[in-house]
Amino acid sequence: MKKTILSDLQGAWELLRNEVIKEHASKDCSRLLFHINEAMSWESVRNLNQMKNTNTFVLVQSIAQQINVSDEIMELVGDVRDVLYEVINEIPPATIP
């Protein structure tokens with residue numbers, strides 16, 4: 001169960017990353033991509049305490065808003081948020097291996 005839901009979180013980050021890469025051709029999304037890459041690494045996904053404490057998601061969301069990304073990307077940011085909150089609610093961070 002834990003690995004499945006964590007894989008869902010990593011998958012949501014990956015979908016967001018893929019869309020940002022598409023938009024990167026017309027807009028500088030380097031900073032956004034950097035933080036998404038950090039957030040979607042398996043080590044980060046498994047360390048929910050760190051993700052919560054460093055506000056990784058909030059940082060990604062803030063950068064996306066600052067550079068005025070497309071509606072599609074903002075929807076995917078929302079999807080990541082939803083999966084992240086689901087993971088946090090389903091798995092107490094202290095119990096993640």
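Basis of the calculations
Residues numbered from 1 in each chain as written. Predicted model: local features only at pLDDT ≥ 70, side-chain atom pairs only at ≥ 80, totals over all residues. Heavy atoms only, no water. Core = buried A, V, L, I, M, F, W, Y, C linked by side-chain atoms within 4.5 Å. Buried < 20%, exposed > 50% of the residue type's maximum accessible area, 1.4 Å probe, protein only. Helix = DSSP H or I, 4+ residues; strand = E, 2+ residues; numbered from the N terminus. Contact = heavy atoms within 4.5 Å. Expected span 1.5 Å × (residues − 1). Salt bridge = Lys/Arg side-chain N within 4 Å of Asp/Glu carboxyl O. Axes fitted to C-alpha atoms, helices over the stretch in contact; angles between N-to-C directions. Parallel < 35°, antiparallel > 145°, perpendicular 65-115°, else oblique. Left-handed = near helix turned anticlockwise from the far one by under 90°.

**Some thoughts on the nonpolar core**
For soluble globular proteins, the rule of thumb is that nonpolar side chains tend to be buried together.
Reasoning step 1: If you look at the biggest cluster of nonpolar residues, it comprises 29 residues, and the most contacted ones within it are Leu9, Trp13, Leu16, Val20, Leu32, Ile36 and Val87.
Reasoning step 2: Going through the elements one at a time, helix 1 (2-24), helix 2 (30-40), helix 5 (56-66) and helix 6 (71-90) are the ones with two or more residues in this core.
Reasoning step 3: When residues of this core are assigned to their parent elements, the largest contribution, eight residues, is made by helix 6.
Reasoning step 4: The residues touching Leu32, leaving out its near neighbours within four places in the chain, are Val20, Val60, Ile63, Ala64, Ile67 and Val69.

**Concerning helix 6**
Residues that lie three or four places apart on an α-helix share one face, since the helix turns once every 3.6 residues.
Reasoning step 1: Relative to the 28 Å expected for 20 residues at 1.5 Å per residue, helix 6 spans 28 Å between its end C-alpha atoms, a close match to the ideal helical length.
Reasoning step 2: Buried within helix 6 are the following residues: Ile73, Leu76, Val77, Gly78, Val80, Val83, Leu84, Val87 and Ile88.

**Re the pattern of salt bridges**
Pairs may arise between side chains of opposite charge once their charged atoms sit close together.
Reasoning step 1: In this structure the tally under the stated criterion is three salt bridges.
Reasoning step 2: Put simply, Glu19 and Lys22 hold a salt bridge, and the shortest N to O gap is 3.7 Å. Of this pair, Glu19 and Lys22 both sit in helix 1, separated by three residues, roughly a single helical turn.
Reasoning step 3: Judged by relative accessible area, Glu19 falls into the partly exposed class, the value being 22%.

**Considering the packing of helix 2 against helix 5**
Reasoning step 1: Contact pair helix 2 / helix 5: the axes reach a minimum separation of 9 Å and the direction vectors enclose 160°. As far as their axial angle goes, helix 5 and helix 2 are roughly antiparallel. Crossing hand, helix 2 versus helix 5: left-handed. On helix 5, the residues touching Arg31, Leu32, His35, Ile36 and Ala39 of helix 2 are Thr56, Leu59, Val60, Ile63, Ala64 and Gln66.

**Topic: the side chain of His35**
Reasoning step 1: For His35, the position within the fold is in helix 2.
Reasoning step 2: Note on His35: relative accessible area 18%, which makes it buried.
Reasoning step 3: Setting aside chain neighbours within four positions, we find His35 in contact with Leu59, Val60 and Ile63.

**Topic: the packing of helix 5 against helix 6**
Reasoning step 1: At a closest axis distance of 11 Å, the pairing of helix 5 and helix 6 adopts a crossing angle of 170°. With respect to helix 6, the axis of helix 5 lies roughly antiparallel. Contacts between helix 5 and helix 6 involve Phe57, Gln61, Ala64 and Gln65 from the former and Met74, Val77, Val80, Arg81 and Leu84 from the latter.

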